[in-house]
Amino acid sequence: HGFQVTDRKHYIQALVGAAAFELVSFLVLLAYAIVACLTASYDADQTENQFVASLNATEPYFVAYFALEVVVRAAAEGKKYLMSGWNILDVFVVLVSVIQLLVEMFNLAPLRVLRSLRMARILRSARLVHVLKEFRLL
């Protein structure tokens, strides 16, 4: 018999509305902000070591999570999803992050371009302020 489209949509809406989903999203965002700040400080010093390499190795996992989160939230909210400036920012940062990963994976641009693309990390971290305000309201 399987899921009907409306059953799937209700399931996705319930998932997105669950406190556990919000908590996981918050914790991943917090971890990402910490990693972004650490790598940004090393980028400023132009220091490359095993620690920095390990931090940079986490990027594809964060990008995959954030991309999945955008898809799930958009599926739950439908057209309303793009009515929020924060959601538009999320979509933009995810797209830039995917492009950055592809550029790095296929060595398609000089290192300077990659460093400027990394600033998109800070934009995503800025969302943490908004999320913290929402938690304070609860």
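Quick caveat, the model's predicted, so the values are computed rather than measured.

Trainee: Describe the pattern of salt bridges, listing the residues and the values that go with them.
Mentor: Evaluation of the coordinates by the stated rule reveals two salt bridges. Between Arg73 and Glu22 there is a salt bridge, with its nearest N and O atoms 3.0 Å apart. With a gap of 51 residues between them, Arg73 in helix 4 (residues 59–77) and Glu22 in helix 2 (residues 19–45) connect regions that are remote in the sequence. Since its relative accessible area comes to 7%, Arg73 is described here as buried. Given a relative accessible area of 27%, Glu22 falls into the partly exposed group. Between Glu69 and Arg73 there is a salt bridge whose closest N-O contact spans 2.9 Å. Of this pair, Glu69 and Arg73 both sit in helix 4, four residues apart, roughly one helical turn.

Trainee: Mind laying out the packing of aromatic side chains, listing which residues take part and the relevant values?
Mentor: Applying the stated rule across the entire model yields four aromatic pairs. A ring pair is formed by Tyr32 and Phe62, whose centres lie 5.0 Å apart and whose planes are at 70 degrees; its orientation type is edge-to-face. In this pair, Tyr32 sits in helix 2 while Phe62 sits in helix 4, placing the two residues 30 residues apart along the sequence. Among the residues examined, Tyr32 registers a relative accessible area of 2% and is labelled buried. Consider the rings of Tyr32 and Phe66, whose centres lie 5.1 Å apart with planes at 85 degrees: the pair is edge-to-face. With a gap of 34 residues between them, Tyr32 in helix 2 and Phe66 in helix 4 connect regions that are remote in the sequence. When its relative accessible area of 3% is taken as the criterion, Phe66 is described as buried.

Definitions and cut-offs
Along each chain, numbering runs from 1 in the same order as the chain's sequence is written. Local features in this predicted model are restricted to residues of pLDDT 70 or higher, and side-chain atom pairs are both shown and tallied only at a pLDDT of 80 or more, whereas totals for entire chains, interfaces and linings draw on every residue. Hydrogens and water molecules were not included; the side-chain quantities draw on all heavy atoms of the structure. A pair is scored as a salt bridge if a Lys or Arg side-chain nitrogen falls within 4 Å of a carboxyl oxygen belonging to Asp or Glu. Only DSSP runs of H or I covering at least 4 residues are called helices, and only runs of E covering at least 2 are called strands; the numbering of each starts at the N terminus. Residue exposure (1.4 Å probe, protein chains only): buried if accessible area is under 20% of the type maximum, exposed if over 50%, otherwise partly exposed. Side-chain rings of Phe, Tyr and Trp, where Trp is taken by its six-membered ring, are said to pair if the distance between their centres is within 6.5 Å; with planes under 30 degrees apart they count as stacked, over 60 as edge-to-face, and otherwise as tilted.

Purely geometric numbers; function is a separate question.
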